[in-house]
Amino acid sequence: MLAERMTRVSASPTMKVAAEAEKLKRQGIDVVDFGAGEPDFPTPQPAKDAGKAAIDQNFTKYTAVGGTADLKQAICARYLADYGVTFTEAETLVTAGGKQALYNIAMVLLNRGDEVITHAPYWPTIPEQVKLADANPVIVHTKAEDGFKVHPETILDAITPRTKAVIINSPGNPTGAVISEQDLAAIADACAKRGIWVIVDLCYEKLIYDDVPHNLVKVLTDRMRERTLFACSASKAYSMTGWRCGWILGPKEVVSAANTLQGHSTSNVASISQRAAAQALTGSQEPVTQMLNEYRGRRDQLMEWFSVDPRFECVKPAGAFYLFPRITKVLESTGISSSAELSEVLLNEARVALTAGEGFDAPGFLRISYATSLDRLREGTTRILEFVKKRERQGAAAR
Ligand SMILES: Cc1ncc(COP(=O)(O)O)c(C=O)c1O
């Protein structure tokens, strides 16, 4: 009944968890939700006000498919201020979130049989979109032992004559790892020589905890501007997930093709959202700093709480808002067969929702989103640690 392409893709595991948790919550069950892939903060007030003003001023009609000139200029000004790189309106396309930015790129760039290299643990949409474009994802695995570092050699070793693009996500979901400028430069130099595109998912670009060099925009535009694309978003930086606003930055030929594609699919991002996003980008960036400080505090607290049980092996996330502990020792001591099973029993018995590593091509891990209050983090962590202890005792008694 369905098109053949749908046999190649699977539903988003993070969205599945959200739906299951929501179902339980609707039944009145107190679920601690560590599944969320979105900030728990409200959208900053000035952006909300800009959205309201847009409605009141009847700015509620179609806009240009690829976004208003105001928003495009706001995006270009932001990247010039943040990275010292100039983009023009013709190199900018406003999309319905980073997700559509990446989707448009996949659709306009990839042919059947092309290979696209990316790194795991990954955000599941990345390989699925490659498959939707009839191309083949090629996965390079990073390791918890060295902080999920993307080693350029492993990417370069995966290159074949069919390689069309490399997708880098930094800071990464689900690990929070950031790529170093040197490593990206090594990848860029090799890709530039071979005419391979480098696509960077910068969705979490504003959520980096330490003052580490992360000017990926400059690294790539200095080396291979004509083969570089950035997929970006207002969602995480400005707590604007529901507004659906992201953007592509890259060569105008690709931006123009993506504009044509978008013109026949979704058209423009909601006019109201565009006004709000323009405000977020041009206004004070203080709300971003405040949210980042709050996430940092939660990350540190969460690491401390989990440190009492060394079977939860945590790498300190350098960015984003997820802790991604390896839990193979928990599985050994409790007799639970997989991280998928552990996440299921945690939801059904301990009432904690989180995403199993399997969805990120990383069995043996759990993703814990700390985009929730410290109180809920404490409650959920206590439930997890107590549940594991209880299971261990039950296992020992049965043996
Ligand atoms: C790594 C990564 N890229 C892109 C996105 C897209 O987010 P949005 O479409 O809301 O901008 C997400 C959302 O979870 C993500 O985690």
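Here the structure is a predicted model, which is why all the values come from computation and not from measurement.

Taking 1.5 Å per residue as the helical rise, helix H10 (residues 271–282) with its twelve residues ought to reach 16 Å, and the 17 Å between its terminal C-alpha atoms agrees with that figure. Among the residues of H10, Ser271, Ser273, Gln274, Ala276, Ala277, Ala278, Ala280 and Leu281 are the ones counted as buried. Buried positions along H10 lie against helix H2 (45–56), helix H3 (69–83), strand S2 (92–95) and strand S8 (246–249).

So, about the side chain of Thr241. Tracing the chain through its elements places Thr241 in the loop between strand S7 (228–233) and S8. When sequence neighbours within four positions are dropped, the list of residues in contact with Thr241 reads Glu38, Pro39 and Ser235.

The antiparallel open sheet is built from three strands, whose spatial order is S9-S12-S11. Only two strands of the sheet have a single neighbouring strand rather than two, namely strand S9 (322–323) and strand S11 (355–356). Both S11 and strand S12 (residues 366–369) contribute to a ladder of two bridges, which runs antiparallel. Bridge assignment links Thr355 to a residue of S12, and that residue is Arg367. Contacts between helix H13 (residues 339–350) and the sheet are confined to S11 and S12, with S12 contributing the most and set at about 40° to the helix.

With that settled, consider the site of the ligand. With respect to spatial proximity, 13 residues lie near the ligand, and among them Gly98, Asp201, Ser233, Ser235 and Lys236 are the closest. Contact distances for the ligand include 2.9 Å between an oxygen atom and a side-chain N or O atom of Tyr204. One of the side-chain nitrogen or oxygen atoms of Arg244 is found 2.8 Å away from an oxygen atom of the ligand. Look at the ligand: alone it shows 400 Å² of surface, and the protein chains cover 93% of it. A total of three residues in the shell around the ligand trace back to one element, the largest contributor, which is helix H4 (residues 97–109). Each residue belonging to the shell around the ligand can be placed in one class, and the counts come to three nonpolar, six polar and four charged.

Rules behind the numbers
- Residues numbered from 1 in each chain as written.
- Predicted model: local features only at pLDDT ≥ 70, side-chain atom pairs only at ≥ 80, totals over all residues.
- Heavy atoms only, no water.
- Helix = DSSP H or I, 4+ residues; strand = E, 2+ residues; numbered from the N terminus.
- Expected span 1.5 Å × (residues − 1).
- Buried < 20%, exposed > 50% of the residue type's maximum accessible area, 1.4 Å probe, protein only.
- Contact = heavy atoms within 4.5 Å.
- Pairing = 2+ DSSP bridges.
- Axes fitted to C-alpha atoms, helices over the stretch in contact; angles between N-to-C directions.
- Near = heavy atom within 4 Å.
- Polar contact = N/O pair within 3.5 Å; in protein donor to acceptor, adjacent residues only side chain to side chain.
- Areas by Shrake-Rupley, 256 points an atom, 1.4 Å probe, with all protein chains shown as cover.
- Nonpolar A, V, L, I, M, F, W, Y, C, P; charged D, E, K, R; others polar.

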